[in-house]
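Residue-level listing of the chains:
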Amino acid sequence: MVEPQPSIAPHPDIAPLAPLLGTWRGDGHGEYPTIESFDYLEEVRFGHLGRPFLTYRQRTRAADGSRPMHAETGYLRCPSPDRVELILAHPTGITEICEGALNVADGALHMEFDSTSIGRTSTAKLVTALGRTFQLKGDTIDYTLRMAAVGEPLQHHLAATLRRAD
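A few points on the structure.

Take the overall build of the protein next. Looking only at helices and strands, the protein has zero helices and 10 strands in total. Listing the helices and strands of the protein from first to last along the sequence gives β-β-β-β-β-β-β-β-β-β. For the protein, whose C-alpha radius of gyration is 16 Å, the value lies close to the compact-globule estimate of 15 Å for 166 residues. The C-alpha extent of the protein, read off along each of the three principal axes, is 45 × 35 × 30 Å. At a minimum sequence separation of 6, the contacts of the protein that also span at least 24 residues come to 41%.

Structure below.
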């Protein structure tokens, strides 16, 4: 569940990110050298509280809808018109801080993130780097995720296409 949206406009600092607000659903594909490839269903919700950040909530299920697979929750910030920050917590014992470039042109929004910090509990999988790309055009978000984990170098892990659901 996402927080109810305030009746006020989003904070001016996140105005470039306002097109992300709402619920997005779609499907994706994952692969990595240490696991079998898989397909999944995904829902992402971007919300706001009138403060200088967006809330972010992500959930995935197996492609047949039979079981939950992953979840993330956090915040998206825009400290300057061309920079973005993504702060996430994963239930697998990992925290992720990513920073990157924001480009808004011709009605499209492009964000390119690289991790600056990965936190882990003592029982979490060894993840050493993450990178994400988000491309919003109209009512479609395409994204990819790169990961370096369990001794493997940074490489493609996930790709999905999400469409506005609300």
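Once the structure has been displayed, the description carries forward.
What follows covers the environment of L76. Residue position: L76 is located in strand 4 (residues 68-80). Owing to a relative accessible area of 1%, L76 belongs among the buried residues under this scheme. Spatially, the C-alpha atoms of L76 and E43 are 16 Å apart, while their sequence positions differ by 33 residues. If we skip the residues at most four places from it in the chain, L76 touches L17, L20, F46, F53, L54, V84, E85, L86, M111 and F113.

Below, the discussion takes up the sheet that holds strand 3 (residues 54-62). Taken together, the 10 strands give a closed barrel; going around it, the order is 1-2-3-4-5-6-7-8-9-10, and neighbouring strands pair in antiparallel fashion. Going across the sheet, the axis of each strand differs from the next one's by a mean of 25°, ignoring polarity. When strand 3 meets strand 4, the two strands line up antiparallel, connected through eight bridges. From the neighbouring strand, Y56 faces strand 4, where its bridge partner is G74.

Right, let's get into the environment of E99. Residue placement: E99 occurs in strand 6 (residues 94-105). According to the relative accessible area criterion, E99 is partly exposed, its value standing at 33%. A sequence separation of 22 residues divides E99 from R77, and the C-alpha atoms of the two residues are 9.3 Å apart. With residues up to four places along the chain from it excluded, the contact list for E99 reads R83, V84, E85, E112, F113, D114 and T116.

Here the focus is the pattern of salt bridges. A pair can form between side chains of opposite charge whenever their charged atoms are brought close. Counted under the stated rule, the structure contains eight salt bridges. Across the salt bridge formed by R25 and E43, the nearest N and O atoms sit 2.6 Å from each other. Taken together, the residues R25 in strand 1 (residues 22-32) and E43 in strand 2 (residues 35-48) connect sequence positions 18 residues apart. With its nearest N and O atoms 3.2 Å apart, the salt bridge here joins E112 to R146. Remark: R146 occurs in strand 9 (residues 140-149) and E112 occurs in strand 7 (residues 108-120); sequence separation between them is 34 residues. Among the charged side chains, a salt-bridge network with shared partners connects R25, E43 and R45.

L17, L20, F46, L76 and M111 are the most contacted members of the largest nonpolar core, which has 35 residues in total. Of the residues forming this core, the biggest block, five residues, is contributed by strand 9.

Turning to its location among the elements, T60 is positioned in strand 3. Dropping the residues within four chain positions of it, T60 is found in contact with Y40, L41, E42, P68, M69 and H70.

Another aspect to go through is the pairing of strand 7. The side chains of a regular strand alternate between both faces of the sheet. Sheet analysis places strand 6 next to strand 7, joined by 12 bridges and oriented antiparallel. Paired with E99 across the strands is D114, a residue of strand 7. Sheet topology places strand 7 next to strand 8 (residues 127-137); seven bridges connect them, and they run antiparallel. Pairing of L109 across the sheet is with L136, part of strand 8. Hairpin connection between strand 7 and strand 8: a loop of six residues separates the two successive antiparallel strands.

Rules behind the numbers
Residues numbered from 1 in each chain as written. Predicted model: local features only at pLDDT ≥ 70, side-chain atom pairs only at ≥ 80, totals over all residues. Heavy atoms only, no water. Helix = DSSP H or I, 4+ residues; strand = E, 2+ residues; numbered from the N terminus. Rg over C-alpha atoms; globule rule 2.2 N^0.38 Å. Contact = heavy atoms within 4.5 Å. Buried < 20%, exposed > 50% of the residue type's maximum accessible area, 1.4 Å probe, protein only. Pairing = 2+ DSSP bridges. Axes fitted to C-alpha atoms, helices over the stretch in contact; angles between N-to-C directions. Salt bridge = Lys/Arg side-chain N within 4 Å of Asp/Glu carboxyl O. Core = buried A, V, L, I, M, F, W, Y, C linked by side-chain atoms within 4.5 Å.

Everything listed here is a matter of geometry and, on its own, says nothing about what the molecule does.
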